[in-house]
Amino acid sequence: MRPDKNRAGRRERGNLYLLYIFLIAFLIMIFHQGAQLCLGSINTFRTKVALEAAALDAANDLSRIMINDPYWGYVALTDHAPVGAATLAGDSEPLPVSGINTLIGTARHELMVAKAIGTDEALECARADLEAARKTARDLEDHLRNILSSPLEQGEDMDGNKISPLKSAEAILKKNLDDSLTLIDLSADLGYLSRPSTTNSPMPADRSLAEIDRSYERSRYYPAFVDLPLAGESFYFAGLGEQSSLVNEHQFRHGNGEQICSIIRLKARLRESGKDKDQEARACAQPFYQQDRTKPALFCLSFPGGKPASFDRLRDLFTERSLLNKICLNTATGGDYPVDVEAKLEVDKDKAESTLRYVSTRAYFDWLRQARMHFAPDQVIADVDRKLAYRKDTNSRLYVLLYGFSDDGAVKVLTPSKVPFRRQSTQENQLYAISFGAFSDSGMNWTFKLRNQVRRLGTIHGGKHAGQAMPSIDYIDELKTLSVREASVDKDNRFASRAGSRYDQSRLAVEIEISS
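Residues numbered from 1 in each chain as written. Predicted model: local features only at pLDDT ≥ 70, side-chain atom pairs only at ≥ 80, totals over all residues. Heavy atoms only, no water.

Peer 1: Give me the confidence of the model for the protein chain: which residues, what numbers.
Peer 2: Across the protein chain, the average pLDDT comes to 86, with 84% of residues at 70 or higher. Note on residues 481-487: pLDDT under 50 across the span, and 20 contacts to partners over four residues away in sequence or across chains. Confidence over residues 489-502 falls short of pLDDT 50; this stretch has 34 contacts with residues more than four positions distant or in other chains. (pLDDT = per-residue confidence, 0-100. Contact = heavy atoms within 4.5 Å.)

Peer 1: Lay out unusual backbone geometry in plain terms, naming residues and giving numbers.
Peer 2: Most peptide bonds adopt trans geometry, and most residues besides glycine take a negative phi value. In this structure, Pro338 follows Tyr337 across a cis peptide bond, with omega equal to 0 degrees. With respect to the element layout, Pro338 can be found in the loop between β13 (330-333) and β14 (344-347). One non-glycine residue, Glu211, lies in positive phi territory at about 55 degrees. Topologically, Glu211 is positioned in the loop between α5 (207-210) and β7 (245-247). Judged by relative accessible area, Glu211 falls into the partly exposed class, the value being 35%. For Arg372, which is not glycine, the phi dihedral falls at a positive 55 degrees. Along the chain, the position of Arg372 falls in the loop between α7 (356-371) and α8 (377-384). (Helix = DSSP H or I, 4+ residues; strand = E, 2+ residues; numbered from the N terminus. Buried < 20%, exposed > 50% of the residue type's maximum accessible area, 1.4 Å probe, protein only.)

Peer 1: Kindly report on the sheet that holds strand β10 (residues 278-286), identifying the contributing residues and their values.
Peer 2: Taken in spatial order, the five strands make up an open sheet running β7-β10-β9-β6-β8, and their pairing is antiparallel. Here the strands that pair on one side only, and so sit at the sheet edges, are β7 and β8 (252-254). Strand-to-strand twist in this sheet, taken as the mean axis angle between neighbours without regard to direction, amounts to 45 degrees. As paired elements, strand β6 (residues 181-193) and β8 share three bridges and run antiparallel to each other. What sits directly across from Leu193, in β8, is Phe252. Along the sheet face, helix α3 (residues 120-148) touches β6 and β9 (263-272) and points at about 170 degrees away from the line of β6. With respect to the sheet, helix α4 (residues 165-176) is in contact with β6 and β9, its orientation differing from that of β6 by roughly 135 degrees. (Pairing = 2+ DSSP bridges. Axes fitted to C-alpha atoms, helices over the stretch in contact; angles between N-to-C directions.)

Peer 1: Could you give an account of the nonpolar core, naming the residues involved and the relevant values?
Peer 2: When a protein is soluble and globular, its nonpolar side chains tend to lie buried together. Counting 116 residues, the largest nonpolar core has Leu266, Phe299, Leu317, Tyr364 and Phe365 as its most contacted members. At eleven residues, α3 tops the list of elements feeding residues into this core. With residues up to four places along the chain from it excluded, the contact list for Leu266 reads Leu51, Ala54, Ala55, Leu166, Ala169, Leu186, Ser187, Ala188, Ala281, Arg282 and Ala283. (Core = buried A, V, L, I, M, F, W, Y, C linked by side-chain atoms within 4.5 Å.)

Peer 1: Run through the packing of aromatic side chains, naming residues and quoting values.
Peer 2: Within this structure, the stated rule accounts for 14 aromatic pairs. Centroid distance Phe318 to Tyr364: 4.9 Å. Interplanar angle 50 degrees. Geometry classified as tilted. One end of the pair, Phe318, is in helix α6 (residues 316-319); the other, Tyr364, is in helix α7, and 46 residues separate them in sequence. Taking the relative accessible area as the measure of exposure, Tyr364 reaches 0% and is therefore buried. In this structure an aromatic cluster arises from ring pairing among Phe299, Phe318, Tyr364, Phe365, Trp367, Phe375, Tyr403 and Phe405. Positioned above the aromatic ring of Phe235 is the side chain of Arg108, whose terminal nitrogen or guanidinium carbon lies 5.3 Å from the ring centre. Over the ring of Tyr358 we find Lys351; its NZ or CZ atom is 4.9 Å from the centre of that ring. (Phe/Tyr/Trp six-rings, centres within 6.5 Å; stacked < 30°, edge-to-face > 60°. Lys NZ or Arg CZ within 6 Å of the ring centre and 35° of its normal.)

Peer 1: Residues and numbers for the pattern of salt bridges, please.
Peer 2: Scanning the entire structure with this criterion turns up 41 salt bridges. Note that Glu280 and Arg282 form a salt bridge whose closest N and O atoms lie 3.1 Å from each other. Take Glu280: its relative accessible area is 53%, and that puts it in the exposed class. One network of salt bridges, in which partners are shared, links Asp189, Glu249, Arg265, Lys267, Glu280 and Arg282. (Salt bridge = Lys/Arg side-chain N within 4 Å of Asp/Glu carboxyl O.)

Peer 1: Residues and numbers for empty space enclosed by the protein, please.
Peer 2: Tallied over the full model, the rule gives four cavities of 30 Å³ or more. Roughly 280 Å³ of volume is contained in the largest cavity. Along the wall of the largest cavity there are 22 residues; nearest its centre are Pro96, Gln370, Arg372, Leu457 and Gln468. Of all the secondary structure elements, the ones that give two or more residues to the lining of the largest cavity are β2 (73-76), α2 (100-117) and α7. When grouped by side-chain class, the residues that make up the lining of the largest cavity number ten nonpolar, eight polar and four charged. (1 Å grid on protein atoms, 1.4 Å probe; cavity = no way out; pocket = protein on both sides within 12 Å on 5 of 7 lines; lining within 4 Å. Points joined across faces, edges and corners; volume = space filled by probe spheres on them. Nonpolar A, V, L, I, M, F, W, Y, C, P; charged D, E, K, R; others polar.)

Peer 1: Tell me about the sheet that holds strand β1 (residues 66-69), and please be specific about residues and values.
Peer 2: As summarised here, the arrangement of the three strands in space is β1-β2-β3, forming an open sheet in which the pairing is mixed. Only two strands of the sheet have a single neighbouring strand rather than two, namely β1 and β3 (98-99). Across four bridges, β1 lies against β2 in antiparallel orientation. Bridge assignment links Asp69 to a residue of β2, and that residue is Gly73. Packing of α3 onto the sheet brings it into contact with β1 and β2, and relative to β1 it is tilted by some 140 degrees.

Peer 1: Lay out the side chain of Glu110 with the relevant residues and their values.
Peer 2: Counting through the fold element by element, Glu110 comes out in helix α2. One buried charged residue, Glu110, remains without a salt bridge, the closest side chain of opposite sign being Arg362 at 4.4 Å. Not counting residues up to four positions away in its chain, the partners in contact with Glu110 are Cys125, Ala126, Asp129, Arg362, Phe365, Leu368, Arg369 and Phe375. (Lys, Arg positive; Asp, Glu negative; His and termini not counted.)

Peer 1: Tell me what's going on with α7, and back it up with residues and numbers.
Peer 2: For α7, built from 16 residues, the straight-helix expectation of 22 Å at 1.5 Å per residue is met to within 8% by its first-to-last C-alpha distance of 23 Å. Counted residue by residue, α7 has 16 buried out of 16 residues, so it is predominantly covered. Note on α7: the residue one or two positions beyond its end, Arg372, has a positive phi of about 55 degrees. (Expected span 1.5 Å × (residues − 1).)

Peer 1: Quick rundown of the packing of α2 against α8? Include the residues and the values.
Peer 2: Between α2 and α8, the least distance of the axes is 9 Å, while the angle of their chain directions is 30 degrees. It follows that α2 is roughly parallel to α8 by the angle criterion. Both α2 and α8 take part in a crossing whose hand is right-handed. Here His109, Met112, Val113, Ala116 and Ile117 of α2 lie close against α8, whose contacting residues are Pro377, Val380, Ile381 and Val384. Looking at side-chain class alone, the contact of α2 with α8 contains eight nonpolar, one polar and no charged residues. (Parallel < 35°, antiparallel > 145°, perpendicular 65-115°, else oblique. Left-handed = near helix turned anticlockwise from the far one by under 90°.)

Peer 1: A description of α4 should follow, citing residues and the corresponding values.
Peer 2: Every α-helix carries 3.6 residues per turn, so stepping three or four residues along brings you back to the same face. Taking 1.5 Å per residue, twelve residues should reach 16 Å; α4 reaches 17 Å between its end C-alpha atoms and fits that length. Within α4 the residues assigned to the buried category are Pro165, Leu166, Ala169 and Leu173. All buried residues of α4 fall inside an arc of 90 degrees around its axis, so they share one side. Away from its buried face, by an angle of more than 90 degrees, α4 presents the exposed residues Lys167 and Lys175. (Arc of directions from axis to C-beta.)

Okay, here's the thing in structure tokens:
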């Protein structure tokens, strides 16, 4: 019996050893598989982080790329201060770069004012600016898509630096990839998000005026990628944030011709060493915005010999039937007229003639347009119907009104004792009109004169000053009521000042003079 018991014991111990060996082998296999999974997860995470870093860098590049638009001048996804080395006017002064949301927002606010004025002329002016803003948005999208199509394609920033978002993204991705991975292909798409995103374009305080959906009433800024209709027109804003940020890749949508596309999606195709099958990774990012810090210029309305009796409010300038008379329109060519030797006045190529009412309305909306989103529509509308300010001057019948904007967008009206713009010139490629005996009022014939220094913007059509407002001879001290002066002005170099205050507010955008 003992030999049998010994053999049985040995078999039991042998079976136990086999079980131990099996368990150890199983544990080793589980550990190996776990280690492989962990390594795979780590590699996947590293790849995801590397691709996200590349997407953020590409989004930064998108905010810097600009185009030169024939209607608006230099345009990018976001605003840039007038400090660029490559964004110079013909007078060698740097120009601002307008953000596409600023253009859309300005057109929307113009349309609110036009609705309140209620004339065909006002609505035509606002809709013309809206249509131009939409076209520019499409041109900017096309430019960005073309640049994203290949690492060889390049854009340009405000200093003239060449930018290739895809090339930069590829360099960052390769630098941060695991050594076991090889980048086979990297591509980029430009689109929008299926859910609303952020902007820095402020909505007017009067939400009923803006006709905003109730779901957005508590928002300070317009939402991006959703339609915000007004007066039968659609309005879409591009998604931008305080800094470039990652967004949900599953919310990415390709452009459909309505939304303004600003979201970049990177798609990377990778191959691991020793494997034949490629893996794909994606990441999406939203570009950053910057604040628009350019200062609005002035609208000057003057009555050197006293005011016509029928002109009690600014609205009368846009609605009076006596102003339906025609006036010939001229453009200064060959330089500033009559300052430059070669300068002369020629018939305006866009409109040879117009009614007094239309040209006044267009000039007023050009003033609003150059102010960009620094004007509050409700304040402008209130001012249009406010009785004209009056300054009694015993020494002269001169009646001058200067319209400007405070930092909160409210209209400020000054009544200086003299016209501060003594240089009676029209800047190159800008609009000038004069008509003696243009209309009758109170038994008198009145002369109408217009200088619109901001009719044409940018270096393509805006002349040597690119449609920027004309400086006054002297700084208007009374304008301290509009905003705090940020920098001293060198009389020999009017525009020499630090970023954000390239222009002071004592500049003339539009002047209308009505005299007997």
